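# Breakdown of the fold
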Amino acid sequence: MDKVKLGFNKLTIYKFIWLICLAIFFFTSYNFANWFTSTRSDVGSIVFKWEHSIPLWSWSIVPYWSIDLMYGLAILLVCSHRALKILCLRLLSAQIICIICFLIFPLKFSFERPTLDGLSGLLFDILMGFDKPFNQAPSLHITLLVILWQFYASYFRGVWRYILHIWCLLIALSVLTTWQHHFFDVPTGVGVGCFCIWLWPNDSLSPIKNYQLPKQYFWSSVYFLLFAFSFYIAIYFYSWALWLLWFSVAFLLVSVNYLLVGTVGFQKQTNGKFNLVVTILYLPYFVIIWVNSRLWTFKNKSVDLICDNVYLGRIPSNNTLRTNHFFSIVDLCAELPIPHFNGQYNLIPVLDMTPLTIEQCQQAAEIINQHYKKGKLLVCCALGYSRSATAIIAWLLLTKRASNLDEAISMVKERRHTIVITAKQRIILLDWFLQIKKGSQYVKS
């Protein structure tokens, strides 16, 4: 009992330490950015014509202010050291990123708010005591809201969750109806909030803590050029072209994945799906990759039987799963989700256009061999051409269904003519196969 009490007290102390430190850093950095921007003469605004029709709702200052209460309560509500660390790192990251943005490209709010009376007027006066019409994009208010919204959604259930969603929507709307922010600040704030959650995930390794560096320079460069191009077009054409900034963020994250963090950056879950935050960040890329997978394979069958209940195909659609009744799936695609699947799902995420490692060949072959006798098994990737084909080739070699690499490739290619096994992948497969033969690591099929 004493140990439990001591642990509780230590956690409580840490909560207050974090809360005080974050509060000091918030007011110090925010006020500095406000003051510094006020001394500059190059501060402009990003505002669309239709925004002039946004009404000023004085009552919306109440939900606007409520985020301060949500901020403090969230830190006090966490029930473990890990949860406290993740939440506070997200809040700290949000503050740092937004302040850097305020200093690098400062913006100001351009509408003149009339004098207001009553309680709303008092709340506005208090707000204006430390908040100036600078520090606009990305909206720190929206950034923090995304982080806190996700946090509270994990605590509330039933009707309380619906109330939470409604209140958070009111807070999001209030940044416009209190005339504190222009529209451009809102989606950029959402993006930064999602990025902070992606940076410090709940149940998986943080991308910045992943030390497996694939260093795929070519594909990293390709996506970095796409980032630079979309970013340039967005800035050059301005106006609605600013939505291309969403594309540029997605391409930049993909570039980082290929260069530094690997599949951890996509954070594909063990059920084959992506959480909402990752989906928002990568959505333009996901859409492009999905369309590409369908364009490359529209003349082919979605799946092909290779042998003994083992099928090879692209990421399945709902219709494919419904008509084929697969018992299990081995998924090697890191960048696309699969529909809801009730059977045995196994994920071995591999970056697109990259070869499987020796360890992944071994793992995929063993999983296929473990499940294929129980029912129809689908091995898939984005197209069903390379990564998934490599996995089946490894299985054919592991179970002696093929006596050599060329025979295994021919067996798969005979059933699915479009497969592509690169020279680099052949070398890896051959090295792995020689290790198996040398160590007599064949398995019974």
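Structure first, text after, so check above.
Quick caveat: nothing in here was measured; it's all calculated off a predicted structure.

## Looking at the overall build of the protein
Along its length, the protein carries 15 helices and five strands. Here the C-alpha coordinates of the protein stretch approximately 85 × 65 × 40 Å along the principal axes. For the protein, the residues scored as buried account for 49% of the 445 residues in total. Taking contacts inside the protein between residues at least 6 apart in sequence as the whole, the part at least 24 apart equals 75%. Of the accessible surface of the protein, which amounts to about 22,400 Å², a share of 67% is contributed by carbon and sulfur atoms.

## Observations concerning the sheet that holds strand β4 (residues 344-350)
Taken in spatial order, the five strands make up an open sheet running β1-β2-β5-β3-β4, and their pairing is mixed. Of all the strands in the sheet, the pair left with one neighbour each is β1 (303-307) and β4. Going across the sheet, the axis of each strand differs from the next one's by a mean of 20°, ignoring polarity. Here strand β3 (residues 328-333) pairs with β4 via five bridges, running parallel. Bridge assignment links serine 328 to a residue of β4, and that residue is glutamine 344. Its contacts with the sheet put helix α12 (residues 358-371) on β2 (310-314), β3, β4 and β5 (377-381), and the angle it makes with β4 is roughly 165°. The sheet contacts of helix α13 (residues 387-398) involve β1, β2, β3, β4 and β5, and relative to β2 the element is tilted by about 165°.

## Focus on the state of the cysteines
One pass over the structure, following the stated rule, counts zero disulfides. Here cysteine 101 is not cross-linked by a disulfide; its sulfur's nearest cysteine counterpart is in cysteine 98, at 6.3 Å. There is no disulfide at cysteine 194, and the cysteine sulfur nearest it, in cysteine 196, is 9.3 Å away.

## Some remarks on the environment of tyrosine 282
Looking at where tyrosine 282 falls in the secondary structure, it is placed in helix α10 (residues 276-297). Non-local contacts of tyrosine 282, meaning those with residues more than four positions away in its chain, are made with Trp198, Ala250, Leu253, Val254, Asn257, Gly265 and Phe266.

## Some words on unusual backbone geometry
In this structure, the amide linkage connecting alanine 137 to the following residue, proline 138, adopts the cis form with an omega of -5°. Among the structural elements, proline 138 can be located in the loop between α4 (118-128) and α5 (140-153). Positive phi, close to 75°, is recorded for asparagine 309, a residue that is not glycine. Secondary-structure assignment places asparagine 309 in the loop between β1 and β2. Judged by its relative accessible area of 31%, asparagine 309 is partly exposed. In this structure, methionine 353 takes a positive phi of about 65° despite not being glycine. Summarising the element assignment, methionine 353 is placed in the loop between β4 and α12.

## A closer look at helix α8 (residues 217-237)
Quick reminder: α-helices carry 3.6 residues per turn. Residues three or four places apart thus point the same way. Compared with the 30 Å implied by 1.5 Å per residue over 21 residues, the 30 Å span of α8 between its first and last C-alpha is a close match. As for α8, its buried residues are in contact with α9 (244-261) and α10. Backbone geometry just downstream of α8 places tyrosine 238 in the positive-phi region, at approximately 60°.

## Some thoughts on a nonpolar patch on the surface
A cluster of nonpolar side chains, Trp50, Trp240, Trp243, Trp246, Leu283, Val287, Trp290, Val291 and Leu295, forms an exposed patch at the surface whose accessible area comes to about 900 Å². Among the elements that line the nonpolar patch, the one with the most residues is α10, at five residues. In this structure, valine 287 sits in helix α10. On the basis of relative accessibility, which here comes to 44%, the residue valine 287 falls in the partly exposed class.

## What to know about the layout of surface pockets
Space inside the largest pocket adds up to approximately 1,200 Å³. Along the walls of the largest pocket sit 41 residues, with Thr188, Gly191, Val192, Leu245 and Val249 positioned nearest its centre. Taken together, the elements giving at least two residues each to the lining of the largest pocket come down to α3 (81-104), α7 (185-199), α8, α9 and α10. In this structure, the second largest pocket occupies an estimated 930 Å³ of space. Together, 31 residues line the second largest pocket, and Ile197, Gln269, Asn275, Leu276 and Val277 are the ones closest to its centre. Elements with a minimum of two residues in the lining of the second largest pocket: α5, α6 (159-177), α7, α10 and β4. Per element, the largest residue contribution to the lining of the second largest pocket is six residues, and it comes from α5. Broken down by class, the residue content of the lining of the second largest pocket amounts to 19 nonpolar, nine polar and three charged.

## So, the packing of α7 against α10
Put simply, α7 and α10 touch, their axes get as near as 9 Å, and they point 125° apart. In terms of orientation, α7 lies oblique with respect to α10. Once α7 is placed against α10, the crossing between them reads as left-handed. Taken together, the residues of α10 that come into contact with α7 (itself represented by Val190, Gly191, Cys194, Phe195, Ile197 and Trp198) are Val277, Val278, Ile280, Leu281 and Tyr282.

Procedures and definitions
- Residues numbered from 1 in each chain as written.
- Predicted model: local features only at pLDDT ≥ 70, side-chain atom pairs only at ≥ 80, totals over all residues.
- Heavy atoms only, no water.
- Helix = DSSP H or I, 4+ residues; strand = E, 2+ residues; numbered from the N terminus.
- Buried < 20%, exposed > 50% of the residue type's maximum accessible area, 1.4 Å probe, protein only.
- Contact = heavy atoms within 4.5 Å.
- Areas by Shrake-Rupley, 256 points an atom, 1.4 Å probe, with all protein chains shown as cover.
- Pairing = 2+ DSSP bridges.
- Axes fitted to C-alpha atoms, helices over the stretch in contact; angles between N-to-C directions.
- Disulfide = S-S within 2.5 Å.
- Expected span 1.5 Å × (residues − 1).
- Patch = residues over 30% accessible without salt bridge, like charges linked within 9 Å, V, L, I, M, F, W, Y side chains within 5 Å.
- Salt bridge = Lys/Arg side-chain N within 4 Å of Asp/Glu carboxyl O.
- 1 Å grid on protein atoms, 1.4 Å probe; cavity = no way out; pocket = protein on both sides within 12 Å on 5 of 7 lines; lining within 4 Å.
- Points joined across faces, edges and corners; volume = space filled by probe spheres on them.
- Nonpolar A, V, L, I, M, F, W, Y, C, P; charged D, E, K, R; others polar.
- Parallel < 35°, antiparallel > 145°, perpendicular 65-115°, else oblique.
- Left-handed = near helix turned anticlockwise from the far one by under 90°.

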